[in-house]
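# Observations on chain architecture
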Amino acid sequence: MEIAIGLGKNKDVLKAIEHFPFKIHLAKNNEELLDYLKNPKIDGVIRGSLESSIIMDLKKEYPDLFRASLLEKDGHRFLLSPVGIDEGDSISSKIKIVEECAKAITLLGEEPKIALISGGRKNDIGRSKKIDKSIKECETIEKQLKDNYNIKHYYILIEEAIKDHSNIIIAPDGITGNIIFRSLVLVGGIKSNGALTLNQPTMFIDTSRSQNTQGYINSINLMKKLIEKKVGDH
C-alpha cells in the first residue's frame, strides 16, 4: 500500500505519518500532489495541510465532484455533505450528493440512513423566501427519493437527526455545511476522519489545513480502510 499526503505549513502531518508502517509519500505543493493522484502506483491521496486551492485544481478535471466529511460522535459515524462552499446549490446536485454518499457509506459497511436539513421548522414557512426555498427543496428531494432510500426531512433540527443515528446528513447548501463542520470539529472537538471527494474516479480525501495530528491519523486510517475494502471487493 502506498499513499501520498500533502505537507503545507501545518507540520502535524509529519507526526501523523510516523504512526504507519507503510510508505507514505509527501507532496510539498499542489503540483506534486496532483502528480501522485495520476500515478498508478499510488493507492490513495490525502490533501493533508496544503492550501484548499488543490480542490479547485481537482475540479478542473472533475467539475461535478463534491466533498462529504466523515465525522464521529460518541462512536456514531456519519457523512456530512455538502461541505464545499460552492457545492449543493440545486435540487439536482443534492440528489447526486445523496446518491454518492449512499454508495460511500455502504462501502464503509453501513446501511444508508439519510437526513435532509433545511433552514427552518415546518411552521416557519412564510417567514422569508430563503427559508421557504430551503424547506421546499428538501420536501421535493424527500418525495423523489423516499422509494429508494431510508430518507427523512428533519427541517432545521440537525440535533434530532444525529440523535436518530442518521449516517448521512445533507446540509441546506455548501456554505451551511462548511459552518456545521467547523462548529462541530474545530469548535466542538468531535472526531473528523477527513472528507471524501465523491463523484470522481480517484480515491482522494480532503482534510483541513488546520487539523491536528490525530485528525490526520484518522484520515490516513480511513484511506487505509477504503483501499483494503476496494482491494477486497476485487
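Up top is the structure.
In what follows, the accompanying structure is described. (Residues numbered from 1 in each chain as written. Predicted model: local features only at pLDDT ≥ 70, side-chain atom pairs only at ≥ 80, totals over all residues. Heavy atoms only, no water.)

### Points about the overall build of the protein chain
- The helix and strand inventory of the protein chain stands at eight helices and ten strands.
- Computed over its C-alpha atoms, the radius of gyration of the protein chain comes to 18 Å, within 12% of the 17 Å expected for a compact globule of 234 residues.
- Projected onto the principal axes, the alpha-carbon positions of the protein chain cover approximately 55 × 35 × 35 Å.
- For the protein chain, long-range pairs separated by at least 24 residues make up 65% of all intrachain contacts whose partners lie at least 6 apart in sequence.
- About 11600 Å² of surface is accessible on the protein chain, with carbon and sulfur atoms providing 50% of the total. (Helix = DSSP H or I, 4+ residues; strand = E, 2+ residues; numbered from the N terminus. Rg over C-alpha atoms; globule rule 2.2 N^0.38 Å. Contact = heavy atoms within 4.5 Å. Areas by Shrake-Rupley, 256 points an atom, 1.4 Å probe, with all protein chains shown as cover.)

### Overview of the state of the cysteines
- Summed over all chains, the structure comprises zero disulfides.
- Cys138 provides the cysteine sulfur closest to Cys101, a residue in no disulfide bond, and the two sulfurs are 14 Å apart.
- A relative accessible area of 0% places Cys101 in the buried class. (Disulfide = S-S within 2.5 Å. Buried < 20%, exposed > 50% of the residue type's maximum accessible area, 1.4 Å probe, protein only.)

### Quick look at the nonpolar core
- With 41 residues, the main nonpolar core has Leu79, Cys101, Leu196 and Ile220 as its most contacted residues.
- If we skip the residues at most four places from it in the chain, Cys101 touches Phe66, Ala68, Leu79, Ser81, Ile168 and Leu198.
- Counting residues in hydrophobic clusters, the runner-up holds 15 residues, among them Val83, Tyr154, Ala161 and Val185. (Core = buried A, V, L, I, M, F, W, Y, C linked by side-chain atoms within 4.5 Å.)

### Thoughts on the sheet that holds strand 7 (residues 151–155)
- As summarised here, the arrangement of the ten strands in space is 2-1-3-10-9-4-5-8-6-7, forming an open sheet in which the pairing is mixed. In the strand order of this sheet, the two ends are held by strand 2 (23–27) and strand 7, each with one partner. Neighbouring strand axes in the sheet, compared pairwise and without regard to direction, differ in orientation by 25° on average.
- Strand contacts of helix 3 (residues 53–61): strand 4 (66–73) and strand 10 (204–206), with the helix running at about 145° to strand 10, the strand carrying the most contacts. (Pairing = 2+ DSSP bridges. Axes fitted to C-alpha atoms, helices over the stretch in contact; angles between N-to-C directions.)

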